[in-house]
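Chain residues, written in single-letter form:
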Amino acid sequence: MLGLLFTAFKKKRSLEETVLKIQQGDNSLRNDTIESFKPFIAKTVSSVCKRYIYESDDEFSIGMIAFNEAIEKYSPEKGRSLLAFAETLVKRRVIDYLRSQSKQKEILLDLSLNDDNDQSQIYIDNENSINEYEMQKESERRKEEIQLYISHLEDFGLSFEDLVENSPKHADARKGAIMIAKLLMEDDELKEILFAKKRLPVKQLEGKVEVSRKTIERNRKYIIAVAIIINGDFLYLNDYIKGAIDE
């Protein structure tokens, strides 16, 4: 039993190394890896389609393409495992495919003269099922993203409460702080100071922006919090930044 657990751990640890080699151009290893994960792909696709999926099904092909896409786009710095990332991407791509098929069926239904009511109900049920699944997965992704963000805040000794309490009250002040955070992330030297020393390089920033040191200090926690979002490529939290800029 312990031997099996050790083997599983070793396999998990070496998976990232395998992906790195594939991203560097080892296509033979890519094919072998995708082949070995066919059961994972089939299981993931089946969970979306709510039926057993065979390799001959179009949905399985969509899953294979999505798994390959996950290998290409995967980055361990994002804080998620390859399989968690691949599962999300496979499900998204299959849902997109099912939605496109549902739209085609809707057009065919308009042209059909037989069993209109039954077929329309099937279409509605499928569409509702997909929408419900999407809403559920989006909620889960939001929760995962927030938990990951909280862990990054904690590295700087910050919390969500700090973000709320120290958020600039006026829209112009928020926009100004966000622009400082963006400038910070665009400067490799300042970015290195922030994440290596876990502190805001106030003195260096002062010479690059048109606001006083006092203003930077006052918005220090907020600037750091926004910089973490920008650097982490947080999908949903980035919407908050866009919303604040558009105010």
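Residues numbered from 1 in each chain as written. Predicted model: local features only at pLDDT ≥ 70, side-chain atom pairs only at ≥ 80, totals over all residues. Heavy atoms only, no water.

1. Quick notes on the packing of aromatic side chains
In step 1: For the structure shown, the criterion picks out 6 aromatic pairs.
In step 2: Measuring from ring centre to ring centre gives 6.1 Å for Phe-40 and Phe-67, while their planes differ by 65°; the resulting arrangement is edge-to-face. Here Phe-40 is found in helix H3 (residues 38-49), whereas its partner Phe-67 is found in helix H4 (residues 58-73), with 27 residues between them in sequence.
In step 3: We classify Phe-67 as buried; its relative accessible area is 0%.
In step 4: Each ring, one from Phe-156 and one from Phe-195, has its centre 5.9 Å from the other, and the planes form 80°; the classification is edge-to-face. Taken together, the residues Phe-156 in the loop between helix H6 (116-155) and helix H7 (160-165) and Phe-195 in helix H9 (residues 188-197) connect sequence positions 39 residues apart.
In step 5: According to the relative accessible area criterion, Phe-195 is partly exposed, its value standing at 24%. (Phe/Tyr/Trp six-rings, centres within 6.5 Å; stacked < 30°, edge-to-face > 60°. Helix = DSSP H or I, 4+ residues; strand = E, 2+ residues; numbered from the N terminus. Buried < 20%, exposed > 50% of the residue type's maximum accessible area, 1.4 Å probe, protein only.)

2. Section: the pattern of salt bridges
In step 1: Taken as a whole and judged by the stated rule, the model has 10 salt bridges.
In step 2: Note that Glu-69 is salt-bridged to Lys-73, the shortest N-O span being 2.7 Å. Of the two residues, Glu-69 and Lys-73 are both situated in helix H4; the distance of 4 residues between them amounts to about one turn of the helix.
In step 3: Judged by its relative accessible area of 18%, Glu-69 is buried.
In step 4: Classification of Lys-73 as exposed rests on a relative accessible area of 52%.
In step 5: It is possible to trace a salt-bridge network through shared partners that takes in Glu-35, Lys-38 and Glu-55. (Salt bridge = Lys/Arg side-chain N within 4 Å of Asp/Glu carboxyl O.)

3. Some remarks on the UniProt feature "short sequence motif: Polymerase core binding" (unreviewed entry) in the chain
In step 1: Sequence positions flagged by UniProt for "short sequence motif: Polymerase core binding" (unreviewed entry) are, in local numbering, residues 58-71.
In step 2: In residues 58-71, helix accounts for 100% and strand for 0%; the two terminal C-alpha atoms are 20 Å from one another. (UniProt positions renumbered as here; feature names shortened; annotations may be inferred.)

4. Remarks on the packing of helix H8 (residues 171-186) against helix H12 (residues 220-232)
In step 1: In contact at an axis separation of 8 Å, H8 and H12 are set at 55° when each is read in the N-to-C sense. Judged by the angle between their axes, H8 and H12 are oblique. In this structure, H8 crosses over H12, and the sense of that crossing is right-handed. From H8, Arg-174, Ala-177, Ile-178, Ile-180, Ala-181, Lys-182, Leu-184 and Met-185 reach across to H12, where they touch Tyr-222, Ile-223, Val-226, Ala-227, Ile-230 and Asn-231.
In step 2: Here the contact of H8 with H12 is built from residues that sort into 11 nonpolar, 1 polar and 2 charged. (Axes fitted to C-alpha atoms, helices over the stretch in contact; angles between N-to-C directions. Parallel < 35°, antiparallel > 145°, perpendicular 65-115°, else oblique. Left-handed = near helix turned anticlockwise from the far one by under 90°. Contact = heavy atoms within 4.5 Å. Nonpolar A, V, L, I, M, F, W, Y, C, P; charged D, E, K, R; others polar.)

5. Focus: the nonpolar core
In step 1: Core analysis: the largest hydrophobic core is formed by 29 residues, its most contacted members being Tyr-149, Leu-184, Leu-194, Leu-200, Ile-216 and Ile-223.
In step 2: Looking at this core, the elements that each hand over two or more residues are H6, H8, H9, helix H10 (202-206), H12 and helix H13 (235-246).
In step 3: With 8 residues, the single largest contributor to this core is H12.
In step 4: Dropping the residues within four chain positions of it, Tyr-149 is found in contact with Phe-160, Leu-163, Ala-225, Val-226, Ile-228, Ile-229, Phe-234 and Leu-237.
In step 5: In terms of nonpolar packing, the next biggest core, distinct from the first, is built from 25 residues, Phe-37, Val-45, Tyr-74 and Leu-89 among them. (Core = buried A, V, L, I, M, F, W, Y, C linked by side-chain atoms within 4.5 Å.)

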